[in-house]
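Spelled out from the first residue to the last, the chains are:
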Amino acid sequence: MHVHLDVADPLSRPAPLLVVAVPRGMRPEAGFLQRLDQAFSGAVSRVLDAGDLAGKAGGDVVLYGSGDGPERVALVSVGEVGAYDAEQVRRFVARGVRIAERLHVDAVSCWLDGFGAVADAELGQAAAEGAALAAWRFTELKKPPGDAPQVAVGEARFFSEGDTKAVEKGVAKGAVIAAAENFARTLQARPGNLATPSHLAAEAERVAAENGLAVTVFDEARLAKEGMNAILAVSQGSEEEARLIVLEHRGGAKGDAPLVLVGKGVTFDAGGISIKPAASMDEMKFDMSAGAAVIAAMQAVAQLGVKANVVGIVPSSENLPSGTALKPGDVIRTLAGKTVEVVNTDAEGRLLLADALAWGARMKPAAMVDCATLTGSVIIGLGHHAAAVLGTDDALVEELRAAGSRSGERCWPLPLWDEYREQLDSETADFMNVGGRPAGTITAACFLREFVGDVPWAHLDVAGTAWGDGKVPYQRKGGYGFPTRLLVEWVLSRVG
Ligand code: BES
Ligand code: MN
Ligand code: ZN
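Just so we're clear, the structure is a prediction, and the values are computed from it rather than from any experiment.

*Asks:* Go over the overall build of the chain, please, and point to the residues and values.
*Replies:* Each helix and strand in the chain was counted, giving 15 helices and 20 strands. Principal axes of the C-alpha set define a box for the chain whose edges measure 80 × 50 × 45 Å. For the chain, the proportion of its 496 residues judged to be buried stands at 58%. Restricting the contact set of the chain to residue pairs at least 6 apart, pairs at least 24 apart contribute 76%. Across the chain, the centroid of the 48 positively charged side chains sits 2 Å from that of the 63 negatively charged ones.

*Asks:* Could you give an account of the coordination of the zinc ion (ligand 3), with specific residues and numbers?
*Replies:* The coordination sphere of the zinc ion (ligand 3), as far as protein atoms go, consists of K264 (NZ), D269 (OD), D287 (OD) and E348 (OE), spread over 2.0 to 2.4 Å. Geometry at the zinc ion (ligand 3) is octahedral, judged from its 6 donor atoms and the angles of 79 to 175° they form at the metal. Between the zinc ion (ligand 3) and the manganese ion (ligand 2), both coordinated by D269, there is a metal-metal distance of 3.1 Å. Taken together, the residues D269 in strand β10 (residues 265-269) and E348 in the loop between β13 (339-341) and α10 (349-361) connect sequence positions 79 residues apart.

*Asks:* Could you give an account of the site of ligand 1, naming the residues involved and the relevant values?
*Replies:* Taken together, 16 residues surround ligand 1, and among them K276, D287, D346, E348 and G376 come closest. Between G376 and ligand 1, the recorded distance is 2.7 Å, taken from a backbone N or O atom to an oxygen atom. For ligand 1, the protein covers 77% of the area, taking 510 Å² as the surface of the free molecule. Partitioned by chemical class, the residues of the shell around ligand 1 number 5 nonpolar, 4 polar and 7 charged.

*Asks:* Give a detailed account of helix α15 (residues 484-495), specifying residues and quantitative values.
*Replies:* Given a rise of 1.5 Å per residue, 12 residues ought to cover 16 Å, and the 17 Å separating the end C-alpha atoms of α15 matches this to within 8%. Across the 12 residues that make up α15, a large majority, 9, are buried. Turning to α15, its buried residues number three or more, namely T484, R485, L486, L487, V488, E489, W490, V491 and L492. At the C-terminal side of α15, G496 shows a positive phi close to 75°.

Here is what the cut-offs are and how they apply
Residue positions are given per chain, counted from 1 along the sequence in the order it is written. All chains are assigned letters beginning with A, and all ligands numbers beginning with 1, in the order in which they are written. Per-residue local features of the predicted model are confined to residues with pLDDT of at least 70, and side-chain atom pairs are confined, for both listing and counting, to 80 or more; whole-chain, interface and lining totals are unaffected and use all residues. Side-chain figures throughout are based on the complete set of non-hydrogen atoms in the structure, without hydrogens or water. Strands here mean DSSP runs of E at least two residues long; helices mean DSSP runs of H or I at least four residues long; both are numbered from the N terminus. Residue burial is assigned from relative accessible area. The probe radius is 1.4 Å, only protein chains are included, and a residue is buried under 20% of its type maximum, exposed over 50%, and partly exposed in between. Whether two residues touch is decided by their heavy atoms; if any such pair falls within 4.5 Å, the residues are in contact. Neither His nor the chain ends is counted toward charge; the positive residues are Lys and Arg and the negative residues Asp and Glu. Working definition for charges: the position is that of NZ of Lys, CZ of Arg, CG of Asp or CD of Glu. With water omitted from the atoms examined, metal sites may look incomplete; donors here are N, O and S atoms no farther than 2.8 Å from the metal, or 3.2 Å in the case of Na, K and Ca. Only two sets of limits are used to name each site, 85 to 135 degrees for every angle of a tetrahedral four-donor site, and over 155 degrees for opposite donors with all other angles from 65 to 115 for a square planar four-donor or octahedral six-donor site, with any other site named irregular. Near, as used in this document, describes a residue that has one of its heavy atoms within 4 Å of the molecule or strand being considered. We define a polar contact as two N or O atoms separated by no more than 3.5 Å, with the added condition that, inside protein, one atom must be a possible hydrogen donor and the other a possible acceptor, whereas residues neighbouring each other in sequence contribute only through side-chain atom pairs. In this description, accessible areas are obtained by the Shrake-Rupley approach with a 1.4 Å probe, and a residue is regarded as covered only by the protein chains that are shown. Under the scheme applied here, ten amino acids are nonpolar (Ala, Val, Leu, Ile, Met, Phe, Trp, Tyr, Cys and Pro), four are charged (Asp, Glu, Lys and Arg), and all others, including Gly, are polar. Given a helix with a known number of residues, its expected span is that number minus one, times 1.5 Å.

Quick look at the structure:
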């Protein structure tokens with residue numbers, strides 16, 4: 001998808017489709033809407049008078065032009081005036097892409113003004129993200145339909161009365177971030193037989209080579225040598241070898257404490273011996289979503305030239321039942337030296353993260369953030385509209401909450417009080433890997449906290465937000481790339 005700003009008047013620029021936001025209650029009595037109404041002989045007024053855009057945000061009406069300007073103009077209702085933020089811009093532009101798809105045109109022009117409170121740079125960024133995210137599709141494994149080939153929307157052209165330089169800068173940044181998130185989605189979409197731990201590692205190596213990142217991949221021999229027995233324990237039931245992927249962006253001064261991102265990379269989670277029910281088990285190919293987001297975020301961090309040292313760590317494994325698999329009751333000695341009684345082999349993500357977080361903590365980070373499709377419990381708590389954020393450092397938790405809100409990939413805090421930790425007490429080991437049904441997201445985070453030492457740390461549980469039916473206009477059914485945008489936004493917030 002090619003995204004760019006155009007400084008011409010959209011009403012005299014030939015285009016197959018121009019989309020224009022119509023806030024609720026707005027009349028074409030001033031500004032661009034008035035000029036548009038005049039160019040279309042009062043058609044905009046007539047649409048509004050008829051009440052055809054009066055429903056909730058998301059409705060649209062298409063007008064057909066006659067002159068040199070746009071062939072079609074889509075009026076899109078976008079909700080309340082004054083309540084706008086960057087997420088509304090993302091969704092508006094994405095709706096424009098969906099309308100273009102519906103009309104089988106391969107380019108969309110968007111009039112971006114009217115989103116009052118959104119600053120120019122954020123406007124351009126959100127527009128580019130909305131367009132490029134909406135246009136993405138996963139085509140690798142399907143032949144194109146024989147008749148009536150689907151039109152892909154390959155270009156988004158933006159028009160704005162804002163500061164051209166600022167909007168353009170935003171567009172360029174948004175394009176990088178959206179391309180990264182789309183890459184995460186592609187990794188998510190690849191099924192477990194293709195996207196194995198070694199495949200993720202190979203993709204990370206490619207991203208590193210193309211973007212100037214340093215990369216190290218630990219195979220099982222190296223994992224054993226380092227003492228990463230928790231990662232190996234999850235992997236021991238599978239024919240596919242585990243990997244630990246470490247990507248490094250050296251954008252800060254040598255010796256500057258890094259920001260460390262850690263992402264769960266379980267390429268298929270059958271549950272192991274504590275096997276999951278068959279229904280929807282196929283969705284567990286998405287259990288590497290957070291790992292994909294970390295690799296993707298590292299790509300964006302490199303392309304944006306972030307002036308900080310940033311490290312991405314992805315422990316990757318399958319979780320399968322077999323004669324060599326980890327068994328309920330087994331006790332493993334983790335990299336940190338703490339022992340874990342594995343009561344349920346389906347709580348495997350926290351085992352992988354235990355060793356990955358302990359490895360990250362050795363880098364003495366300024367802050368460490370992990371993300372994982374860790375618990376079904378977070379879906380009970382927050383549904384599909386926000387990830388949970390929990391951590392040892394309230395300021396860090398607040399940074400992530402704020403970055404989530406700006407990026408449109410929201411997260412919301414849960415407490416991490418010591419009382420919850422008691423649910424992990426074990427008769428035979430330092431603690432168990434599960435703490436029963438109550439507060440499953442919190443006890444999982446309590447488990448992770450055992451491995452971060454005194455590093456300022458926070459955890460994002462993205463089990464409810466990493467994939468789904470595609471309810472938001474810039475998503476489709478399947479992987480969302482979540483939390484790529486959130487991670488990049490947080491890293492950028494740390495460098496000012
Ligand atoms: N990958 C799953 C979590 C998950 C479940 C993500 C549903 C998305 C949708 C994780 O490895 C898991 O199985 N968690 C268990 C933990 C339990 C055994 C304590 C869960 O949430 O049921
Ligand atoms: Mn599991
Ligand atoms: Zn899992």
